[in-house]
Structure formats: C-alpha cells, structure tokens
Amino acid sequence: EDWQERGAAVSVRQEVDANGQTVSRYIKKGVRDFSFGNTLGEGSYSTVVFATDRQTLKEYAIKILDKRHIIKERKVKYVNIEKDTLNRLTDHPGIVRLYYTFQDEQSLYFVLDLCKGGELLGVLKRMTTFDEECTRFYSAQILDTIDYMHKRGVIHRDLKPENVLLDSGMHVKITDFGTAKMLKTPRVDSSSNGILPLDSAELPQEERASSFVGTAEYVSPELLTDKNACKASDLWAFGCIIYQLLAGRPPFKAGNEYQTFQKIVALDYEFPIGFPTVARDLVERLLVLEPARRLQIEHIKNHEFFDGITWGPDLWKQKAPRLK
Ligand code: ATP
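Residues numbered from 1 in each chain as written. Predicted model: local features only at pLDDT ≥ 70, side-chain atom pairs only at ≥ 80, totals over all residues. Heavy atoms only, no water.

Student: In this structure, what is going on with the overall build of the chain? I would like to understand it.
Tutor: Helix and strand counts for the chain stand at ten helices and 14 strands. Across the 324 residues in the chain, those meeting the buried criterion constitute 49%. Put simply, of all contacts in the chain between residues at least 6 apart along the chain, 62% involve residues at least 24 apart. Put simply, the chain shows about 16700 Å² of open surface, and 47% of that area lies on carbon and sulfur atoms. (Helix = DSSP H or I, 4+ residues; strand = E, 2+ residues; numbered from the N terminus. Buried < 20%, exposed > 50% of the residue type's maximum accessible area, 1.4 Å probe, protein only. Contact = heavy atoms within 4.5 Å. Areas by Shrake-Rupley, 256 points an atom, 1.4 Å probe, with all protein chains shown as cover.)

Right, here's the structure in full:
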C-alpha cells in the first residue's frame, strides 16, 4: 500500500475557489484517467501499452506489471528500484520520465514518456551500422544522460542499445532502471539551495553486487572478477555501444555467456577494417580493464571524437541527423 501513496502519482490542477482565489488541487491519477490503446512491447514481467490521458489528451506509454507474477518471481525489489531511481531522475530529457504510479487489485502501473522511435537497437539493425555523424550524435546524448545520472548518484548497470529508446524527434531516452544502483542520497546544500553534485571521491565504497546484473555482452570486467560495479562500469558499456553503432555488432560476442565473459576479462576484441581512427582511439580508452584507468566523463566529452558537440541543454535542442 505504501507503494501506491509515495512518488509522483498526482497531478496539480489550478482551480478558482468560491472567493475567487486560485488554488492548486492535487489529484491522484488512476487507471480510469487513461484510455488504453495498442501494446507497444512486452517484457518478461511487464506489458507496455500506448495510453492517452483522457483530460489532457497527452500520450504516454504505460508499463503494466502483474502483481502476482512479480511476487512469485521475487522481483518486487527490482520494481521498487525502478520506481525509486526514476523518481530521482526527473529533470533530464535523456531519461524516460515517470509521471505517475498507481495500482489496482491485479496490477502496478508506471505512466512513462512515450518513445515513438522505439529502441536504438531496432534502428541500428535496420541501418546495419551508423556513420560517424549519427554515432557522434546518439552517443553524445547517451553520455550527457549518463553524466546526469551519475551526478544524481545512480549507476545504471545495464546500458545497451535495447535500453536506449528514442522519442518522436529521435532523441535519446534511457530506460530500464530495474537493476540500477542508487548511491548515497545527494546532499542538499542549504546555502546554495541546490543539490550538490556527487563526486566519486566523496562516495563511500560502492556496495558490492552479490549477483550478476546486466547483459553478458556489455558487462564490465570488474563485475566479472570482483563482483563490483561502479560508475566506470557504465562507461565500459558506453564504449561497447559506440563500437556497436559503428561496427554493427558489440565488441565482445561469443556462442554463449561463459565464452563472452572470457573474452571480456581477456580484453579479446578487434576492430573491423575501416573503423574510424578517432572513434577507435576513444573506444580503446573506454575498454580498459582497470576501471580507475578508464577515461572519465569530462575527458570523454573533450575527446576529439566529440569535436563540434555542445554539451548540456543545447545538445537536446538539436535536430537528430538523418540516419546514414
Ligand atoms: P525485460 O524485462 O524482459 O528485460 P524490457 O525491459 O524490455 O524486458 P519493458 O521495459 O516492459 O521490458 O519493455 C517492453 C517493451 O516495450 C520494450 O521492448 C520496449 O521496446 C517497449 N517500451 C518500453 N518502454 C517504452 C516507452 N516508454 N515507450 C515506448 N515503448 C516502450
């Protein structure tokens, strides 16, 4: 029941009261406030459905989870992690925004940004590979979003092209925070009235992940050897994504998970002929076994590969390049 009451499951409506005063009313949204349409996709524990807010006509994607199934499969923890991390990451265009959560007897509902462009993986598969310009644009938006996440104390831990969705303007929206890790709550600095960015140096030892999380091809070597994921683990995955956009396949891929893991810990990968030199240099500085020696976000932003990119809000005002 706690699940239902916390979070952002309200909308604010301005109303004029009997005295002519404007008052804000907080209204809890529920299943009845939406009309449901086509299924957009299915996950192992969820169905995502197109929906429209009956009042505002705004379109959303609603993720519906069957409570009995979630409990039976022991996924309650992951559902809560997804909700809690999304509620911490509400003000960046590169994150799928969670607007409301509610439930009925049978199901949990997450009202999310609608991503009409689908998964980056699907787009890549249709194109086979991306050219350098497209790779630069999409990977810059992904990096800007990782930077925001990390500053808000969230490690994604499962970054891959399937978890990068695209909105109607083909701008990036990262999703799937069910296996994310939340670091210490960002401190609120009363003097500046803002949230202090979390610096990795001031963080306590990031908790050890007791079991494998992530997807074999993008998993970092430190998770395999020390069972320890950190912010740099997301940058390993980021390196794999840049490689994949340009090469059309991830750098570490084998017949089964075990063989893939062996390749990762041995840094056993090759660049295809014709892989752009500057991008190769960046990937080589990201796919570094020792997480502390991997290029850090500020240095990635300044890498020659991203020459011409303006970081921050302007990156999101740009028109997406035509796919090539
Ligand atoms: P699994 O849980 O098995 O890993 P998943 O994480 O992809 O799968 P969901 O998050 O439920 O599961 O997503 C199911 C499908 O719905 C995905 O394939 C995705 O393409 C689509 N989808 C998810 N979120 C949105 C969204 N906000 N807008 C549009 N489509 C979405």
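Student: Help me understand the site of the ligand in this model?
Tutor: Around the ligand sit 15 residues in total, of which Ser44, Ser46, Lys63, Asp113 and Glu119 are the nearest. Between the ligand and the protein, one listed contact pairs an oxygen atom with a side-chain N or O atom of Lys63 at 3.0 Å. The contact in question runs from a nitrogen atom of the ligand to an N or O atom on the backbone of Asp113, over 2.8 Å. Those elements that provide at least two residues to the shell around the ligand are strand S3 (34-42), strand S4 (46-53) and strand S5 (59-66). A per-element tally of the shell around the ligand places S3 first, with three residues. (Near = heavy atom within 4 Å. Polar contact = N/O pair within 3.5 Å; in protein donor to acceptor, adjacent residues only side chain to side chain.)

Student: I keep staring at the sheet that holds S5 and nothing clicks. Help me out?
Tutor: Remark on secondary structure: sheet strands pair via backbone hydrogen bonds, oriented parallel or antiparallel. Taking strand neighbours across the sheet as the criterion, the five strands line up as S3-S4-S5-S7-S6 in an open arrangement whose pairing is antiparallel. Strand pairing shows two members of the sheet lacking a second neighbour, S3 and strand S6 (98-103), which therefore form its edges. Strand-to-strand twist across the sheet, computed as the mean angle between neighbouring axes with direction ignored, equals 25 degrees. Bridge analysis of S6 against strand S7 (residues 107-112) gives five bridges, and the strand direction is antiparallel. For Gln103, the partnering residue across the bridge sits in S7 and is Leu108. (Pairing = 2+ DSSP bridges. Axes fitted to C-alpha atoms, helices over the stretch in contact; angles between N-to-C directions.)

Student: Any chance you could explain the packing of helix H7 (residues 231-247) against helix H9 (residues 277-286) here in plain terms?
Tutor: For any two helices packed against each other, one specifies the inter-axial angle together with the distance between the axes. It is the contact of H7 with H9, at a shortest axis distance of 8 Å, that shows an interaxial angle of 150 degrees. As summarised for this structure, H7 and H9 are arranged roughly antiparallel, according to the angle between their axes. Between H7 and H9 lies a crossing whose hand is left-handed. Facing H7, whose interface residues are Leu235, Trp236, Phe238, Gly239, Ile242, Tyr243 and Leu246, H9 presents Ala279, Leu282, Val283 and Leu286. (Parallel < 35°, antiparallel > 145°, perpendicular 65-115°, else oblique. Left-handed = near helix turned anticlockwise from the far one by under 90°.)

Student: Looking at this structure, how should I read unusual backbone geometry?
Tutor: Leaving glycine out, the prevailing phi sign among residues is negative, and the prevailing peptide bond configuration is trans. For Thr128, which is not glycine, the phi torsion reads 75 degrees and is therefore positive. With respect to the helices and strands, the residue Thr128 is situated in the loop between helix H4 (120-127) and helix H5 (132-151). What makes Thr128 exposed here is its relative accessible area of 54%. Of note, the phi angle at Met170 is positive, near 60 degrees, even though the residue is not glycine.

Student: Just checking my understanding: could you explain the pattern of salt bridges for this structure?
Tutor: One side chain can pair with another of opposite charge once the charged atoms of both are near each other. Overall, the coordinates contain 15 salt bridges when judged by the stated rule. Taking the shortest distance from any N to any O, the salt bridge between Asp131 and Lys324 comes out at 3.3 Å. Note that Asp131 is positioned in the loop between H4 and H5 and Lys324 in the segment after helix H10 (297-301), a separation of 193 residues in sequence. Judged by relative accessible area, Lys324 falls into the partly exposed class, the value being 36%. The partner of Lys317 in a salt bridge is Asp314, and the shortest N-O contact between them spans 3.2 Å. Taking the relative accessible area as the measure of exposure, Asp314 reaches 43% and is therefore partly exposed. A network of salt bridges, in which partner residues are shared, links Asp147, Lys151, Glu298 and Lys301. (Salt bridge = Lys/Arg side-chain N within 4 Å of Asp/Glu carboxyl O.)

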